[in-house]
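These are the residues of each chain, in order.
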Amino acid sequence: MVAMRLLPIVLASLLASSAFAQTPAAQPPAPVDIVKLEQNLWTTMAEGDFATVRSLFTKDFIQVDEHIQALDTLLITLKHCKLESYELQDLQVRILTPDSALTAYHVLNTFNCGTEHNPTLKINDNNSVTVWVRQPKSGKWLAQVHTETPAKP
């Protein structure tokens, strides 16, 4: 008889403890927040603050364009070629999972890879994709993959 009375209490206790043991699922990001991330990335690159630029990418970041390069190579390129101007067009967001999202857009940009006295401008017209991932411990969103393909005229 005592066992019958304890059974509902034990069951209720087990159910309550399992509910507390589960971690709540991450909420998917709002597309506008991912747009802001992409815009902030380009603005930060144009400002030339390399410590901040580095902090916007995952450690295993990879860029794919004419070459495949890791973050350190991208940062070296950005030190030698200053982003002078950029325009993001037709920016679209796709939420992949609650912790990952993708941006796709057309970008017109100009890099100056020369010196003040001898500028060498590289004008690009590309279609681009960036994959953003939320970091598990910090919750911060970082770029993990970026790719660019020349747009056809």
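Residues numbered from 1 in each chain as written. Predicted model: local features only at pLDDT ≥ 70, side-chain atom pairs only at ≥ 80, totals over all residues. Heavy atoms only, no water.

Visitor: Would you explain the overall build of the protein chain in this entry?
Guide: Looking only at helices and strands, one finds 4 helices and 6 strands in the protein chain. For the protein chain, the α and β elements follow one another from N to C terminus as α-α-α-β-β-α-β-β-β-β. For the protein chain, the exposed area adds up to about 10100 Å²; of that, 61% sits on carbon and sulfur atoms. (Helix = DSSP H or I, 4+ residues; strand = E, 2+ residues; numbered from the N terminus. Areas by Shrake-Rupley, 256 points an atom, 1.4 Å probe, with all protein chains shown as cover.)

Visitor: Teacher, can you tell me more about the pattern of salt bridges here?
Guide: Pairing is possible between side chains that carry opposite charge, provided their charged atoms lie close to one another. Counted according to the given criterion, the structure contains 2 salt bridges. For Asp-72, the salt bridge identified is with Arg-54, shortest N-O distance 2.9 Å. Placement of Asp-72 in helix α4 (residues 71-80) and of Arg-54 in helix α3 (residues 50-55) is noted, with a sequence separation of 18 residues between them. A residue is classified by how much of its surface remains accessible, and Asp-72, at 45% relative accessible area, is partly exposed. Arg-54 gets classed as partly exposed once you look at its relative accessible area, which sits at 41%. Between Arg-134 and Asp-99 there is a salt bridge whose closest N-O contact spans 2.8 Å. Residue Arg-134 is found in strand β5 (residues 121-134), and its partner Asp-99 is found in the loop between β3 (82-97) and β4 (100-112); the two are separated by 35 residues along the sequence. On the basis of relative accessibility, which here comes to 22%, the residue Arg-134 falls in the partly exposed class. Asp-99 gets classed as partly exposed once you look at its relative accessible area, which sits at 34%. (Salt bridge = Lys/Arg side-chain N within 4 Å of Asp/Glu carboxyl O. Buried < 20%, exposed > 50% of the residue type's maximum accessible area, 1.4 Å probe, protein only.)

Visitor: In this structure, what is going on with the packing of aromatic side chains? I would like to understand it.
Guide: The way to describe two aromatic rings as a pair is by their centre distance and the angle between their planes. Summed over all chains, the structure comprises 2 aromatic pairs. Directly above the ring of Phe-50 sits Lys-79, whose terminal nitrogen or CZ lies 5.4 Å from the centroid. (Phe/Tyr/Trp six-rings, centres within 6.5 Å; stacked < 30°, edge-to-face > 60°. Lys NZ or Arg CZ within 6 Å of the ring centre and 35° of its normal.)

Visitor: Explanation requested: the pairing of β3 in the structure shown.
Guide: Regular strands place their side chains on alternate faces of the sheet. As defined by bridge partners, β3 adjoins β4 across 12 bridges and the pair is classed as antiparallel. Within β4, the residue paired with Leu-83 across the bridge is Phe-111. Hairpin connection between β3 and β4: a loop of 2 residues separates the two successive antiparallel strands. (Pairing = 2+ DSSP bridges.)

Visitor: What am I meant to see in the sheet that holds strand β1 (residues 57-64) here?
Guide: Strand pairs in the sheet, formed through backbone hydrogen bonds, run parallel or antiparallel to each other. Pairing within the open sheet is mixed, and its 6 strands lie in the order β2-β1-β6-β5-β4-β3. The outermost strands of the open sheet, each flanked by one partner alone, are β2 (68-70) and β3. Put simply, the sheet's adjacent strands are angled 20 degrees from each other on average, direction ignored. Where helix α2 (residues 31-47) meets the sheet, it contacts β1, β3, β4, β5 and β6 (141-150), and its direction lies at approximately 155 degrees from that of β3. α4 rests against β1, β2, β3 and β4 of the sheet, and its axis sits at about 90 degrees to β2. (Axes fitted to C-alpha atoms, helices over the stretch in contact; angles between N-to-C directions. Contact = heavy atoms within 4.5 Å.)

Visitor: Is there a simple way to think about the nonpolar core in this case?
Guide: It is characteristic of soluble globular proteins that their nonpolar side chains tend to be buried jointly. Membership of the largest hydrophobic core comes to 23 residues, with the highest contact counts inside it found for Met-45, Phe-57 and Leu-78. Contributions of two or more residues to this core are made by α2, β1, α4, β3, β4 and β6. The element best represented in this core is α2, accounting for 5 residues. Discounting residues that sit within four places of it in the chain, Phe-57 has contacts with Leu-41, Leu-71, Leu-74, Leu-142 and Ala-143. (Core = buried A, V, L, I, M, F, W, Y, C linked by side-chain atoms within 4.5 Å.)

Visitor: How do you make sense of the environment of Val-131 when you look at a structure like this?
Guide: With respect to the helices, strands and loops of the structure, Val-131 is situated in strand β5. Measuring from C-alpha to C-alpha, the distance between Val-131 and Thr-103 comes to 6.6 Å, with 28 residues separating the pair along the chain. Those residues within four positions of Val-131 in sequence are excluded, and the remaining contacts are Ala-101, Leu-102, Leu-142, Ala-143, Gln-144 and Val-145.

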